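Structural overview
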Amino acid sequence: MRLDKYLKVSRLIKRRTVANEACDAGRVMINGKVAKASAEVKPGDCLTIQFGTRTVTVEIVSVEETVRKEEAKEMFRYV
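First things first, this report covers the structure right here in the doc. In this convention, every chain numbers its residues from 1, walking through the sequence in written order. Under the rules for a predicted model, residues below a pLDDT of 70 receive no local features and side-chain atom pairs below 80 are neither given nor counted, while totals for whole chains, interfaces and linings still include all residues. With hydrogens and water excluded, all non-hydrogen atoms of the structure serve as input to the side-chain values.

**Here we look at the overall build of the chain**
By definition, any uninterrupted DSSP run of H or I lasting at least four residues is a helix, any uninterrupted run of E lasting at least two residues is a strand, and each is numbered from the N terminus. Per the secondary structure count, the chain includes two helices and five strands. For the chain, the sequential pattern of α-helices and β-strands runs α-α-β-β-β-β-β. All radius of gyration figures rest on C-alpha atoms, and the globule criterion is 2.2 Å times the number of residues raised to 0.38. The globule rule puts the C-alpha radius of gyration for 79 residues at 12 Å, and the 11 Å found for the chain is close to it. Dimensions of the chain along its principal axes, counting C-alpha atoms only, are 30 × 25 × 25 Å. The buried share among the 79 residues of the chain stands at 37%. Two residues form a contact once any of their heavy atoms are found within 4.5 Å. When contacts within the chain are restricted to residue pairs at least 6 apart in sequence, those whose partners lie at least 24 apart make up 35%. Think of it this way: Lys and Arg go in the positive column, Asp and Glu in the negative one, and His and the chain ends go nowhere. One atom stands in for each charge, and that atom is NZ of Lys, CZ of Arg, CG of Asp or CD of Glu. Distance from the positive charge centre (16 side chains) to the negative charge centre (11 side chains) of the chain: 4 Å. Any residue under 20% of the maximum accessible area for its type is buried, any over 50% is exposed, and the rest in between are partly exposed; the area is computed with a 1.4 Å probe on protein chains only.

**Focus on the packing of aromatic side chains**
Pairing of aromatic rings covers Phe, Tyr and Trp, the last counted by its six-membered ring, and requires centre-to-centre distances within 6.5 Å; plane angles under 30 degrees mean stacked, over 60 mean edge-to-face, and any other angle means tilted. Taken as a whole and judged by the stated rule, the model has one aromatic pair. Aromatic side chains Phe76 and Tyr78 sit 5.4 Å apart centroid to centroid with 90° between the ring planes, which places their arrangement in the edge-to-face category. Judged by relative accessible area, which is 9%, Phe76 ranks as buried.

**Let's talk about the environment of Ile13**
For Ile13, the position within the fold is in the loop between α1 (3-9) and α2 (16-24). Along the chain, Ile13 and Lys33 lie 20 residues apart, while their C-alpha atoms are 19 Å from each other. The residues contacting Ile13, other than those within four sequence positions of it, are Leu7, Lys8, Val18, Ala19, Ala22, Ile49 and Phe51.

**Structural notes on the pattern of salt bridges**
The salt bridge definition used is simple: a Lys or Arg side-chain nitrogen within 4 Å of an Asp or Glu carboxyl oxygen. Tallied over the entire structure, the rule returns seven salt bridges. Residue Lys5 pairs with Glu65 through a salt bridge whose shortest N-O separation is 2.7 Å. A residue pair is termed long-range when its members are at least 10 positions apart, and Lys5 in helix α1 and Glu65 in the loop between β4 (54-60) and β5 (76-78) qualify at 60 residues. Put simply, Arg68 and Glu70 hold a salt bridge, and the shortest N to O gap is 3.4 Å. Residue Glu70 is classed as partly exposed on the basis of its relative accessible area of 48%.

Note that all results are geometric; they support no functional claim without further evidence.
Spelled out as structure tokens, the structure:
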């Protein structure tokens, strides 16, 4: 799955356009490397996202095309 779509489906970022902008600005990293919005993600990858002064690091647990809001937080775990 594309990184921008994963960020939206998992609700780490609310909208796909915002996820695209964060990737273009270099604020999203996969396994320590700056990632483009089109990068592929898979279970086991480590995502680091910078939200202003706050940095969030999560490990991808599952990749699903669609998921209910309540189940979205089960797609990743905080590191």
